[in-house]
Amino acid sequence: MRICLANVRYSPNLGDGLIAECLMYAIETAMPSASIDTIDLAGRVGHAAEYGKNRRLYLKVMKSLPKPLRLAAVCGALLPSLALRLGPGWAARLRNADILIIGGGQIFADSDLNFPLKLSTVLRQAHATGTPVAIHSVGVSADWSTIGRHLLRSALTKAELVYASVRDGSSAAHMSRLFLEGSSVQIRQVRDPGLLASRVYPPRPASEPPDAGCREIGINISHPDVLGYHSDRGNKIDPEAMACLYLETAEKIHKLGLKPVLFTNGSPEDHGFMTALADRLIQGSLTAENFRVVPRPTTPSELIETISSFHGVIAHRLHANIAAYSFRIPHVGLPWDRKVDSFFASVGREAFMIPVNGVTSDIVVSTLAAALEAGIDPGTHHAVLNETAESIRGLLQAVQAHRAKDRERTLILKSI
């Protein structure tokens, strides 16, 4: 089977690449004869350090504009590229595909029409080339503009949709209400492909310095502007308050006899924020020997090499938490978007998700201590990873069943 995957595989936020590579791995494992082509919805063609380098400036400008001007700016930037370059290129690749699989990640979201424009374009090209469509393990946001919803709903209505799955209950409700109301396609709830990270990437041995008590705890740093722009809670995040949370947490982890390690998921704006925090730590109570800063990763495998070496992880980013869980590394979630809360609930770790109104460094560190003490139940973990792989086999079975019915219809028509 010739499969075309559409996602944001080469995003500088390497959690998206993690999803794509885990999904590809699971497809290749379940169906070794399959050939896979990837469409990056932003038009990227590989992991490159320059991707996203101007995003902080972009976010700053977008935050300063009223919504009508933001929409005009996004349309002005995207529409010519989608119409003249990306759309025709995607159509050429879809002509050679048996199925277009869209997923996973939080790509059914409307941040100033970004994904609605891209998704509606690839769906229209699938319709034009007669390529069936499957959607797998996507996150679906609740808040959509009228234009964004119309673009995507119209494209989905015309597409030959054969399968749809989402990664949490809220996404299932939003998908049904916003896009597939009245559709004959059942919306399934499945697990995030990133949970297979420990099966895809070899783990790096956990750090064991001479002082066995000085275990490394990864603190995943995110820029507050990025979290604020994409959060579904609509709350503004105070940059200085967030910086103080990270700094105080690192200092208190050190006082526990653990070694704080600052790292990011790869986004340049996160890395810049982390660099500033590291400078402030040195100017404060820690020395360069008391903590470590990880260089910016540029591929999912580099990110996983870092995460898999930790004894514990504290993170806002969903896929830093998902990767930690995959390697059975105790992790603590910091609140900013309900998709993170949903993941913790889905694996029975609600106790280690910091409540949105209870974010203090004392609570974060005490929760970390509890998480390290509790560990991650191996039986539940094994079942979760197996369910993840099984859901992708179910996706492929649904696609194969549709292809069989299509061939049967073709034979009947030819015999008439």
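Before reading further, recall that the structure is shown in the block above.
Residues numbered from 1 in each chain as written. Predicted model: local features only at pLDDT ≥ 70, side-chain atom pairs only at ≥ 80, totals over all residues. Heavy atoms only, no water.

1. A closer look at a nonpolar patch on the surface
So the rule is basically this: Patch criteria: residues need more than 30% relative accessible area and no salt bridge. Like-charged residues are merged within 9 Å; nonpolar side chains of Val, Leu, Ile, Met, Phe, Trp and Tyr are merged within 5 Å. All accessibility values rest on the Shrake-Rupley procedure with a 1.4 Å probe; residue burial counts only the protein chains present in the view. Salt-bridge detection follows one rule: a side-chain nitrogen of Lys or Arg within 4 Å of a carboxyl oxygen of Asp or Glu. Secondary structure counts use DSSP, requiring at least four H or I residues in a row for a helix and at least two E residues in a row for a strand, with both numbered from the N terminus. Only protein chains enter the accessibility calculation, which uses a 1.4 Å probe. A residue is then buried if its area is under 20% of the maximum for its type, exposed if over 50%, and partly exposed in between.
Among the surface-exposed residues, Ile412, Leu413 and Ile416 lie close enough to one another that they form a single nonpolar patch of about 370 Å² accessible area. Its location among the elements puts Ile412 in helix H15 (residues 378-415). The exposure class assigned to Ile412 is partly exposed, which follows from its relative accessible area of 46%.

2. Focus on the pattern of salt bridges
Opposite charge on two side chains permits pairing when their charged atoms draw close. Considering all chains together, one arrives at twelve salt bridges under this definition. A salt bridge links Asp40 to Arg44; the nearest nitrogen and oxygen atoms lie 3.3 Å apart. Overlapping salt bridges, with partners in common, bring together Arg2, Asp98 and Arg403 in one network.

3. Observations regarding the packing of helix H1 (residues 14-30) against H15
Here is the rule we go by: Lines are fitted to the C-alpha atoms to define the axes, a helix being fitted only along its stretch in contact, and any angle between axes, read from their N-to-C directions, falls within 0 to 180 degrees. Whether a crossing is left-handed or right-handed is set by the direction in which the near helix is turned from the far one by less than a right angle, anticlockwise for left-handed and clockwise for right-handed. Here, residues are in contact when the closest pair of their heavy atoms is within 4.5 Å. For this classification, Asp, Glu, Lys and Arg are treated as charged, while Ala, Val, Leu, Ile, Met, Phe, Trp, Tyr, Cys and Pro are nonpolar and the rest, including Gly, are polar.
For the pair H1 and H15, the least separation of the axes is 9 Å and the interaxial angle reads 65 degrees. For H1 against H15, the interelement crossing comes out right-handed. Across from Leu23, Ala26, Ile27 and Ala30 in H1, the residues of H15 making contact are Ile392, Arg393 and Leu396. Classifying every residue of the contact of H1 with H15 by side-chain character gives six nonpolar, no polar and one charged.

4. Some details on the packing of aromatic side chains
To keep it simple, the criterion reads: Paired rings are identified among Phe, Tyr and Trp, the last through its six-membered ring, by centres lying within 6.5 Å, and are further divided according to the angle between planes into stacked (under 30 degrees), edge-to-face (over 60) and tilted (the rest).
Scanning all chains against the criterion turns up six aromatic pairs. Here the aromatic rings of Trp144 and Phe179 are separated by 4.8 Å at their centres, their planes lie at 75 degrees, and the arrangement is edge-to-face. Placement of Trp144 in the loop between strand E4 (133-140) and helix H5 (146-158) and of Phe179 in the loop between helix H6 (169-178) and strand E6 (187-189) is noted, with a sequence separation of 35 residues between them. For the pair Trp144 and Phe179, a shared accessibility class is recorded, and that class is buried. On the numbers, 5.2 Å between centres and 50 degrees between planes, the contact of Phe263 with Phe310 is tilted.

5. Things to note about the packing of helix H3 (residues 67-94) against helix H4 (residues 114-129)
How we decide: Angles below 35 degrees are treated as roughly parallel, those above 145 as roughly antiparallel, those between 65 and 115 as roughly perpendicular, and all remaining angles as oblique.
Packing of H3 against H4 leaves a shortest axis separation of 9 Å and a crossing angle of 30 degrees. Comparing the axis directions of H3 and H4 gives the class roughly parallel. The handedness of the crossing between H3 and H4 is right-handed. Two secondary-structure elements touch here, H3 through Val74, Cys75, Leu78, Leu79, Leu82, Gly87, Pro88, Trp90, Ala91 and Leu94 and H4 through Asn114, Leu117, Lys118, Thr121, Val122, Gln125, Ala126 and Thr129. Taken together, the residues of the contact of H3 with H4 break down into twelve nonpolar, five polar and one charged.

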